[in-house]
There are 4 protein chains.
Amino acid sequence: MNTPVTPEQQAEIDNLRQSPRQTLRVISEGMERHLYTAHPVLDHGFVRVVDYMGDDAAICQAARVSYGRGTKSVQNDEGLIRYLMRHWHSTPFEMCEVKFHVKLPVFVARQWIRHRTANVNEYSARYSILDREFYIPAPEHLAAQSQKNNQGRDEVLQGEEAARVLELLREDAMRSYDHYEAMLSQDGQQGLARELARMNLPANIYTQWYWKVDLHNLLHFLRLRADAHAQFEIRAYADALCGIVADWVPAAFAAFRDYRMDSVSLSAQAVAVLKRRLAGETVTQEQSGMSAREWREFEEIWG
Amino acid sequence: MNTPVTPEQQAEIDNLRQSPRQTLRVISEGMERHLYTAHPVLDHGFVRVVDYMGDDAAICQAARVSYGRGTKSVQNDEGLIRYLMRHWHSTPFEMCEVKFHVKLPVFVARQWIRHRTANVNEYSARYSILDREFYIPAPEHLAAQSQKNNQGRDEVLQGEEAARVLELLREDAMRSYDHYEAMLSQDGQQGLARELARMNLPANIYTQWYWKVDLHNLLHFLRLRADAHAQFEIRAYADALCGIVADWVPAAFAAFRDYRMDSVSLSAQAVAVLKRRLAGETVTQEQSGMSAREWREFEEIWG
Amino acid sequence: MNTPVTPEQQAEIDNLRQSPRQTLRVISEGMERHLYTAHPVLDHGFVRVVDYMGDDAAICQAARVSYGRGTKSVQNDEGLIRYLMRHWHSTPFEMCEVKFHVKLPVFVARQWIRHRTANVNEYSARYSILDREFYIPAPEHLAAQSQKNNQGRDEVLQGEEAARVLELLREDAMRSYDHYEAMLSQDGQQGLARELARMNLPANIYTQWYWKVDLHNLLHFLRLRADAHAQFEIRAYADALCGIVADWVPAAFAAFRDYRMDSVSLSAQAVAVLKRRLAGETVTQEQSGMSAREWREFEEIWG
Amino acid sequence: MNTPVTPEQQAEIDNLRQSPRQTLRVISEGMERHLYTAHPVLDHGFVRVVDYMGDDAAICQAARVSYGRGTKSVQNDEGLIRYLMRHWHSTPFEMCEVKFHVKLPVFVARQWIRHRTANVNEYSARYSILDREFYIPAPEHLAAQSQKNNQGRDEVLQGEEAARVLELLREDAMRSYDHYEAMLSQDGQQGLARELARMNLPANIYTQWYWKVDLHNLLHFLRLRADAHAQFEIRAYADALCGIVADWVPAAFAAFRDYRMDSVSLSAQAVAVLKRRLAGETVTQEQSGMSAREWREFEEIWG
């Protein structure tokens, strides 16, 4: 069972949720409901919104460099947001900002941190001692190596092999942590420095960080990490974030879905093939100017 | 007189200031007072806070990667903030964010934009027509070229020379704008494209933008632009921002003042000279390992 | 006639071009030919390559994190580059870098600088005196304001209107510069500070800068600025850069052309419409889920 | 013994070192000597220069936005570089760029990657299988946890405790890798996906990446990571990089040493205390306006 937050933490969060205060700032009602709520991800992880700035209207306000909230209707705002998204205007979306607290396995953190245009404060294992919490995949996510795609997954492992893998992961995690504690211990010995002892811990241990990012860069992150080609574990976080963003800035998220997530990018060659097909022609890979791999990717969508 | 905001804009701002709403987010009381208030700068410019995220406690919360606001006292928070500033920890300060609406002359905007780690939406002179508003220096800021420092100012111009300069600046501004309007006009002619007509406008015309930045990068901006070596006109904006930041995050701003603005950076050579002086020795430039210029800069502080 | 480089500058450039030196670094033969050559742009501008790092093979070398240049064939490298471009892998393209010296009108510089992920050193008008060089559009680029698109151009101005515009632009430029010189003059007067006098200069005056950028961010710049919707004047620079990049990294540039410049991005709605059309159905705007504007943009490509 | 490069890799590197080519670009003789040479760091790591752009003169050339290399003497260049460094001008230093190939333990990579203004391509453990190489500290670096500083080290562990730690680190590394291989194996079983199996590997396993950075950001990295407060293991890399940079841009590195590495930053309070001391006064902590901790840090330098 996933209980990522301790009772003490929950009490503190509940307390904060019961103390609304007055502000002159822009409010997103959808986002207020998420504040301080830890959304569970994987077996011990979570994402929770710590703070946010802006809403759909703030995107338009910035695009128009206007005073106040502008006098335009919600419908006009939606049209403008769709226009901005369609034509790759990025700066108005940068005018919204969000700060998350995330608990995640180290190997997920290592992928995540590659998105550089964000602010991060990570729990320091030089300074503090990490908790005994490791990600162990659920049986249905214990996938075999893909034979076709070097960085892909195939079917789920079955039977004895699956059991053996789970046992190895669990045992190695526990033993590594036992030895981590043994090396740190100052009971009858000096105790190894924390910054050294942590090197024994495997990449499925959980870490935590504050991650602050603007909406434009968050959507770029989601485009890559909520994608079918992303590793399942980071996708689980991206999916949780998608749900939050959809409540925060519904118009921007809908435009993002239509023009990014569910959009298709056609190469010059693919445009030419589609035009010939629309004219009734049959086009083969040889005639398409595409490589075999591109053609396969093209056919997956267009048949 | 400086009346940067029109009556309609003021009415809208007043309206917003009278509609506080409830939020679960962190509030900075000092900053709430600034929201939507246009602080005049130069003859037609202003800065006003559109939105903000975080306060002093949020810096500590991120540094500790803590749940809730943490249980530490305000005094502990101050000590931590001073420690973080002294030891050049930048990421906790990145966890606060602020969005300004700024009206400023183009030549100031050109200096300002060199600070790249920020989000900007500028009023588009491709899309819209600029207003007839130009920066004309107050007589006491009409400075002569420095003879010692290529990029510095000397005494204030006097008498006829000052009058002549002001007249040239005013006349050229008005004539350029008249011609801008004449070229744009669609009265009895096609009218030149806006994106072309704007090229006739001088660098003292006012533009506007939304500027969003995190606290770390804002402080870096203030360190360079609220400095005595910065051009007076951008310093006027930096000074206005300093006043706002001091109300927003008082502990962080005090630490910034002590460890950045009012601090002195000593080179290896300067450290050696000071140590010898403290030991009672008299050290000359020749013995100091400093160039004549460095020595002059050193003596300005240490005599 | 465009003679952006003075005879003295040309002599220095010629001298540099005659002094090849030995290096162990990667060489791009196509780029060596461009080094130090000033390509004229607009009436007084230019772009010239000052230095570069990497070539097509360096992209693959980084993608493979390999020693040496790798043993793969040129054909394999091309396939890998196309794959990386198609799937939006950006980091290998960041491993190539280029440094340009550019002379350009200030209003173009103001658009250009919005691309933040680059390094810039601009000629300082605080420190130095600008030259008397202004961009005056060629008659065939003196376009009227578009009636349909606020930030677009329409037909070229004709006859008297065109003549009047050119005269205004020329006269205002010359008069502004005369007054700039008059204010700076220290002949019988103190002379206004350079940092102030420059405010009188219009946005078509030329400035210069060194601009250094990685290939990924350069291609992003070109995608937006070599586009039909970009203002003609910045597009002129982008087109010149395209020619240089095509010689520097031919495989990467070909992939960029196919997957970015000549590609088409289809929204979820557009994908659905095309699929129905391919199935023989006729779809109207009302049935498409697209706004009138989106539909118009869609029909421009697909009929 | 440290033999980070395989014989095949060495052969390829030797081959590249024997094939100089002609270029019109700027050459740094000091840097050419480093090209392709793998400098050993820790037990299995290395840094090697893959490519570079610019030299000391290129910094000045950009600062002056000049044609060619400029006609100034080397001495003038040094003075300008020292001036730029002293007054925190960062953009000219951004005009030099360098690309390294680095092999390093994952826990070092995690600290390193926090420096965001750089380009990185890391060896992918989703795509490929990692080698059996782990960092095991040399006995003289097996330090105890500091009692005074949460993120610091104390004396070196001795005797049995040291032996036990080394044994635990070695055994856990080997066992984790055995199990990694066992889970990946497709011998009589499906084989776990690489992207999952890697989660079992501890943070002292070696990874590799290409790291490209401009000189300004590299010096900022070195200032923080070649510092006495940095963890020994990343400092070992920073020290190796310092040696390379000193050969590449000797004037810039000397200025960096004097004005950054060996400089001292005095707070407003510290300036006041030193001035009083210079005037012959004795100042206590109570009178200094500093906290006990600041005072301790102050006395470490000034007695």
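Rules behind the numbers
- Residues numbered from 1 in each chain as written.
- Chains lettered and ligands numbered in written order.
- Predicted model: local features only at pLDDT ≥ 70, side-chain atom pairs only at ≥ 80, totals over all residues.
- Heavy atoms only, no water.
- Phe/Tyr/Trp six-rings, centres within 6.5 Å; stacked < 30°, edge-to-face > 60°.
- Helix = DSSP H or I, 4+ residues; strand = E, 2+ residues; numbered from the N terminus.
- Buried < 20%, exposed > 50% of the residue type's maximum accessible area, 1.4 Å probe, protein only.
- Lys NZ or Arg CZ within 6 Å of the ring centre and 35° of its normal.
- Contact = heavy atoms within 4.5 Å.
- Buried area = accessible area lost by both parts, 1.4 Å probe.
- Salt bridge = Lys/Arg side-chain N within 4 Å of Asp/Glu carboxyl O.
- Polar contact = N/O pair within 3.5 Å; in protein donor to acceptor, adjacent residues only side chain to side chain.
- UniProt positions renumbered as here; feature names shortened; annotations may be inferred.
- Least-squares fit on C-alpha atoms with pLDDT ≥ 70 in both.
- Axes fitted to C-alpha atoms, helices over the stretch in contact; angles between N-to-C directions.
- Parallel < 35°, antiparallel > 145°, perpendicular 65-115°, else oblique.
- Lys, Arg positive; Asp, Glu negative; His and termini not counted.
- Core = buried A, V, L, I, M, F, W, Y, C linked by side-chain atoms within 4.5 Å.
- Left-handed = near helix turned anticlockwise from the far one by under 90°.
- Nonpolar A, V, L, I, M, F, W, Y, C, P; charged D, E, K, R; others polar.
- Pairing = 2+ DSSP bridges.

**Digging into the packing of aromatic side chains**
Inference 1: Applying the stated criterion across every chain, the model contains 46 aromatic pairs over all chains.
Inference 2: Ring centres 6.0 Å apart and planes at 40° place the aromatic pair A:Phe107 and A:Tyr135 in the tilted group. In this pair, A:Phe107 is assigned in helix α5 (residues 106-112) and A:Tyr135 in the loop between β5 (119-122) and β6 (143-145), connecting sequence segments 28 residues apart. We note that A:Phe107, like A:Tyr135, is buried.
Inference 3: Seen from their ring centres, B:Phe134 and B:Tyr177 are 6.2 Å apart, and the 85° between their planes marks the pair as edge-to-face. Residue B:Phe134 is found in the loop between β5 (119-122) and β6 (143-145), and its partner B:Tyr177 is found in helix α6 (residues 159-184); the two are separated by 43 residues along the sequence. Summarising the burial analysis for this pair, B:Phe134 and B:Tyr177 share the class buried.
Inference 4: A network of ring pairs unites the aromatic residues A:Phe100, A:Trp112, A:Trp209, A:Trp211, A:Phe221 and A:Tyr237 as a single cluster.
Inference 5: Over the ring of D:Tyr52 we find C:Arg25; its NZ or CZ atom is 4.0 Å from the centre of that ring.
Inference 6: Over the ring of C:Tyr206 we find C:Lys103; its NZ or CZ atom is 5.8 Å from the centre of that ring.

**Some remarks on the interface of chain B and chain C**
Much of the literature gives interface size as the accessible area that the parts lose upon coming together.
Inference 1: Facing 63 residues of chain B, the contacting portion of chain C comprises 63 residues.
Inference 2: Here chain B and chain C share an interface that buries about 5600 Å² over both sides, 48% of which is from carbon and sulfur atoms.
Inference 3: Broken down residue by residue, the surface that chain B buries against chain C is led by B:Arg110, B:Arg126 and B:Met199, which jointly contribute 13%.
Inference 4: Joining chain B to chain C, the criterion identifies 4 salt bridges.
Inference 5: For C:Arg110, the salt bridge identified is with B:Glu122, shortest N-O distance 2.9 Å.
Inference 6: Inspection of the region where chain B meets chain C yields 40 residue pairs in polar contact (both at pLDDT 80 or more).

**Quick notes on the UniProt feature "binding site: dUMP" (unreviewed entry) in chain A**
Inference 1: According to UniProt, the positions carrying the feature "binding site: dUMP" (unreviewed entry) are A:Gln111, A:Trp112, A:Ile113, A:Arg114, A:Glu122, A:Tyr123, A:Ser124, A:Ala125, A:Arg126, A:Arg198 and A:Arg225. For the annotated residues, spread through 115 residues, the largest C-alpha to C-alpha distance comes to 28.9 Å, inconsistent with a single compact locus.
Inference 2: Ignoring anything within four residues of it in the chain, the contact list for A:Trp112 reads A:Val102, A:Leu104, A:Trp209, A:Trp211, A:Phe221, A:Ile234, A:Tyr237 and A:Leu241.
Inference 3: Of note, A:Ile113 is situated in the loop between α5 and β5.
Inference 4: Excluding its chain neighbours within four sequence positions, the residues that come into contact with A:Ile113 are A:Val120, A:Trp209, D:Ile113 and D:Arg114.

**What to know about the relation of the copies chain B and chain A**
Inference 1: Each copy superposes on the other: chain B lies on chain A with an RMSD of 0.0 Å after a rotation of 180° and an axial shift of 0.0 Å. Interpreted geometrically, this transformation is the action of a two-fold axis. The C-alpha atom lying nearest the rotation axis in chain B is that of B:Gln22; the distance is 2.3 Å.
Inference 2: When the interface residues of chain B are mapped onto chain A, 100% of them are again interface residues, pointing to one common binding face.

**Regarding the packing of helix α3 (residues 56-63) of chain D against helix α4 (residues 74-86) of chain D**
Residue and element names in this part refer to chain D.
Inference 1: Between α3 and α4, the least distance of the axes is 10 Å, while the angle of their chain directions is 70°. It follows that α3 is roughly perpendicular to α4 by the angle criterion. Two secondary-structure elements touch here, α3 through Asp-56, Ala-57, Ile-59, Cys-60 and Ala-63 and α4 through Asp-77, Leu-80, Ile-81 and Leu-84.

**Quick look at the pattern of salt bridges**
Inference 1: Overall, the coordinates contain 81 salt bridges over all chains when judged by the stated rule.
Inference 2: Residues A:Glu29 and B:Arg21 are paired through a salt bridge, measuring 2.8 Å at the closest nitrogen-oxygen approach. In this pair, A:Glu29 is assigned in helix α2 (residues 29-32) and B:Arg21 in strand β1 (residues 21-23), connecting two distinct chains.
Inference 3: Here B:Arg21 falls in the partly exposed class, since its relative accessible area comes to 33%.

**Some points on the side chain of A:Glu161**
Inference 1: Mapped onto the elements of the fold, A:Glu161 is located in helix α6 (residues 159-184).
Inference 2: The buried charged residue A:Glu161 lacks any salt bridge, with A:Arg164 as its nearest oppositely charged partner at 5.4 Å.
Inference 3: Sequence-distant contacts of A:Glu161, that is, excluding residues within four places in its chain, are made with D:Gln189, D:Gln190, D:Gly191 and D:Leu192.

**Details of the relation of the copies chain B and chain C**
Inference 1: Overlaying chain B with chain C gives an RMSD of 0.0 Å, the required rotation being 180° about an axis along which the chain moves by 0.0 Å.
Inference 2: A shared interface surface links the copies, since 100% of the contact residues of chain B are contact residues in chain C too.

**Side note on the nonpolar core**
Inference 1: Among the nonpolar cores identified, the biggest contains 181 residues, and B:Trp112, B:Trp211, C:Trp112 and C:Trp211 are the most heavily contacted of them.
Inference 2: In contact with B:Trp211, not counting residues within four places along its chain, are B:Val98, B:Lys99, B:Phe100, B:Trp112, B:Ala118, B:Asn119, B:Val120, B:Leu218, B:Phe221 and B:Leu241.

**Considerations on the packing of helix α11 (residues 268-278) of chain A against helix α13 (residues 292-302) of chain A**
All names here are of chain A.
Inference 1: Their axes nearest at 12 Å, the elements α11 and α13 cross at an angle of 45°. Classified by the angle between their axes, α11 and α13 sit oblique to one another. When you trace α11 past α13, the crossing you get is right-handed. Across the interface between the two elements, Ala-270, Val-273, Leu-274 and Arg-277 of α11 pack against Trp-295, Phe-298 and Trp-302 of α13.
Inference 2: For the contact of α11 with α13, a count of residues per class yields 6 nonpolar, no polar and 1 charged.

**Concerning the sheet that holds strand β2 (residues 39-41) of chain D**
Residue and element names in this part refer to chain D.
Inference 1: The sheet built from 5 strands is open, its strands ordered β2-β3-β4-β8-β5 with antiparallel pairing. Looking along the sheet, the strands with just one partner apiece sit at the ends: β2 and β5 (119-122). Averaged over all adjacent pairs, the angle separating strand axes in this sheet is 25°, with direction ignored.
Inference 2: Judged from the 7 bridges that link them, strand β3 (residues 45-53) and strand β4 (residues 97-105) form a sheet pairing that is antiparallel. Looking at the pairing, Phe-46 lines up with Lys-103 of β4.
Inference 3: Where helix α9 (residues 232-248) meets the sheet, its contacts fall on β2, β3, β4 and β8 (206-214), and the angle it forms with β3 comes to roughly 30°.

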